Structures are given as C-alpha cells and as structure tokens.
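Geometric and topological summary
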Amino acid sequence: MKANPRILLTNDDGVDAPGLAVLLGIAKALSDDVWVVAPANNQSGTGHRMTFGYEIEIEARGERIFSLDGTPADCVVAGITHVLKDKRPDIVLSGVNRGQNLGDIMHCSGTAAGAREGALHGAIGIALSQAMDYDHGHDEIDWAPAEELGAQTIRSILDVAGARDTYFNVNFPICAPHEVSGIRLVPHQRFAHSPFELYASDNPGKHFVTILSTPKPLDAGSDFHILHEDKAITVTPLMLQQTDMEFVQRHEGRLPFTGSGRG
C-alpha cells in the first residue's frame, strides 16, 4: 500500500448518512489526505446513471467535504476532474452502504457505481456495504464490523489489487466484529431471474419497485452464503471489461451479413 494515499469518498445514501461518517473514520486510519464528494440526497438504486443536460451544483460542507446534487457517479467525476484535478486520488471508496449489496443487486447499486467510476478514472475503486437484518426492521443496523474491520480489509485488498481494470465490492456480515470468520474472495450470486418486483402502494393507482424476496436456491460458494452463513467479509473483484471474450472468439465471423441493407 502506498504511504499516505490520496483518497476520495462517496456514497449513495447521501452526504449526511451515518455510513459515510463510518467510511470517513476508516479512510482516516489509512491516510490524512481524505476528501469527500457525496450526493446531497439519497441516491440509492441509481446505478451508474450520469446527470446529463442539467446544471449541477457543488457545495462545500466542511473542510475537504463537498455535496453535489447528483448521483454517486457524478460525485466521483466531480471529485476527480474538478475538486482534485491537480492531484487525482489513488483510491476511491464508496459507502459504507446501509445494507448489503450482493448478487445481481449490484447492477443497480449506486455504491458499486461510485467504485466503478473511480476505477474507470484509474484509481483503485472499492465499494463497501454493511449487511443488515431486513427481516427484523429496516432501522436495525450495527456498523461495528465495518468500523472495526474496514481499514484492515482495505489494506488487504490494496496489497493484492494489481491492475486497475478491476474494482471491488465488499460486504461486512451481521455479527459482532470478533465473530467475523475472515475475509473471503467470492463470486457474486447469479439469480435465476431479476429480484425486482412491482407491488401496489396503499395509495390507489400507485406502486413501488422493490425486492420482496431473494431468489433461491443460493450457491454455497456465493457472496450471499459466505456473508450470512459463514459470517465472513466478502470481497468480489469485478471487471471493467465486460465483454464475453470466449463468445467473441467462438463466433467471430459467423454472424450472417448480406450487405444488401435489407432485413
């Protein structure tokens, strides 16, 4: 790990979210060159959406802390190309998200998008989430595993990170820090179908998009199982290059083309 790296923080829960305060504490254990550019409001589920065609306002909220009326991806762009343009960050940390980001849910995660956008700019991007027990109330969350083990986890990733074409999705389990079984490199769980559903609101004609249940069964080697059953910190390395190269090599030259311009 580089001595005193420059670190940019963002999240998708908003600049005032408690998880961002947790992340700030983690980052300050790694460096004294820490900056924050985070959304002014909650941006959960925005994925990698960018704000095009609208003016964006950036506001100083404290020493090295800025808010932006945009998405997590917008915030990383603003942090790297505007706030820190004279000396770009070595690391972009996104989170700590309120609730786990596992399986195919990562595709809509603004937390994951913050880390991905950082990696696209050449930084080491790491998304961090603290699991919570959704079955027993959405307000119950214990940040202790992330608080106590976050810096150690990031150091471990940085020791092996290597090439910048990879970014990382980290989840901390629901348990006391001393009960955490370790740090595991795991694949994300592929679902049999999308977990998202539309259901009716109490207001006539109105609906919500949400996750009513997680598709089963779960792979014993997946992030879900390792996080919840083994109580381990899960680290999933994700590629910026998303091409199915095996498919390209197998089918190159086999797509029919007449050149006539007609179907």
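Residues numbered from 1 in each chain as written. Predicted model: local features only at pLDDT ≥ 70, side-chain atom pairs only at ≥ 80, totals over all residues. Heavy atoms only, no water.

Among the nonpolar cores identified, the biggest contains 36 residues, and Leu9, Leu93, Ile126 and Leu128 are the most heavily contacted of them. Only β1 (6–10), α1 (18–28), β2 (33–39), β5 (91–98), β6 (124–130), α4 (144–160), β7 (166–172) and β11 (233–239) provide two or more residues apiece to this core. Apart from the residues lying within four places of it in its own chain, the contact partners of leucine 9 are Leu20, Leu23, Leu24, Ala27, Val34, Trp35, Val36, Val37 and Leu93. In this structure, Leu68, Ala78, Ile80 and Val92 belong to the second largest nonpolar core, which totals 12 residues. (Core = buried A, V, L, I, M, F, W, Y, C linked by side-chain atoms within 4.5 Å. Buried < 20%, exposed > 50% of the residue type's maximum accessible area, 1.4 Å probe, protein only. Helix = DSSP H or I, 4+ residues; strand = E, 2+ residues; numbered from the N terminus. Contact = heavy atoms within 4.5 Å.)

Glancing now at the sheet that holds strand β4 (residues 65–68). Taking strand neighbours across the sheet as the criterion, the nine strands line up as β3-β4-β2-β1-β5-β6-β7-β11-β8 in an open arrangement whose pairing is mixed. Looking at the sheet topology across the chains shown, the edges are occupied by β3 (58–62) and β8 (183–185). Here the average twist between neighbouring strands, direction ignored, is 25 degrees. Two elements, β7 and β11, share six bridges in a ladder whose sense is antiparallel. (Pairing = 2+ DSSP bridges. Axes fitted to C-alpha atoms, helices over the stretch in contact; angles between N-to-C directions.)

Turning our attention to α4. Taking 1.5 Å as the rise per residue, α4 with 17 residues should run 24 Å; its terminal C-alpha atoms sit 25 Å apart, in good agreement. At glycine 150, α4 shows its strongest bend, of approximately 50 degrees. Listed in full, the buried residues belonging to α4 are Ala144, Pro145, Ala146, Leu149, Gly150, Ala151, Thr153, Ile154, Ile157 and Leu158. Where α4 is buried, its residues contact α1, β5, β6, β7, β8 and β11. (Expected span 1.5 Å × (residues − 1). Bend = angle between axes of the 7 residues up to and from the residue.)

Moving on to the UniProt feature "binding site: a divalent metal cation" (unreviewed entry) in the protein chain. UniProt's entry tags Asp12, Asp13, Ser44 and Asn97 with the feature "binding site: a divalent metal cation" (unreviewed entry), counted in the numbering of this structure. Separation in sequence by 86 residues is not matched in space for these annotated residues, since their most distant C-alpha atoms are only 9.1 Å apart. With respect to the helices and strands, aspartate 12 occurs in the loop between β1 and α1. Given the relative accessible area of 3%, aspartate 12 is considered buried. Apart from residues lying up to four places away in sequence, aspartate 12 is in contact with Asn41, Asn42, Gln43, Ser44, Gly45, Pro72, Asn97, Ser109, Gly110 and Thr111. Here asparagine 97 shows up in strand β5. The residues touching asparagine 97, leaving out its near neighbours within four places in the chain, are Asp12, Asp13, Thr111, Leu128, Ser129, Gln130 and Trp143. Side-chain polar atoms of asparagine 97 contact the side chain of threonine 111, separated by 3.1 Å. (UniProt positions renumbered as here; feature names shortened; annotations may be inferred. Polar contact = N/O pair within 3.5 Å; in protein donor to acceptor, adjacent residues only side chain to side chain.)

What follows deals with the environment of glycine 19. The residue glycine 19 is located in helix α1 in this model. Note: C-alpha distance between glycine 19 and glycine 95 (76 residues apart in sequence) is 6.3 Å. With residues near it in sequence (within four places) discarded, glycine 19 still touches Gly95, Val96 and Trp143.

In terms of burial, β7 is largely enclosed, as seven of its seven residues are buried. The alternating pattern of β7 places Thr166, Phe168, Val170 and Phe172 on one face and Tyr167, Asn169 and Asn171 on the opposite face, and all of these are buried. In the sheet, β6 pairs with β7 via five bridges, with the strands oriented parallel. If you follow leucine 128 over to β7, its bridge partner there is valine 170.

Another point: the pattern of salt bridges. Under the definition given, this model contains eight salt bridges. Here aspartate 33 makes a salt bridge to arginine 64, at a shortest N to O gap of 3.8 Å. Note that aspartate 33 is positioned in strand β2 and arginine 64 in the loop between β3 and β4, a separation of 31 residues in sequence. Residue classification places arginine 64 among the partly exposed residues on the basis of a relative accessible area of 30%. With a shortest N-O distance of 2.7 Å, arginine 250 and glutamate 246 are connected by a salt bridge. Placement of both arginine 250 and glutamate 246 in helix α6 (residues 245–251) is noted, with a separation of four residues, approximately one turn of the helix. A relative accessible area of 44% means that arginine 250 is categorised as partly exposed. Residues participating in the shared-partner salt-bridge network are Arg6, Asp33, Arg64 and Lys87. (Salt bridge = Lys/Arg side-chain N within 4 Å of Asp/Glu carboxyl O.)

Its place among the elements puts phenylalanine 208 in strand β10 (residues 207–211). Judged by its relative accessible area of 42%, phenylalanine 208 falls in the partly exposed class. As a C-alpha pair, phenylalanine 208 and leucine 198 span 10 residues in sequence and 5.6 Å in three-dimensional space.

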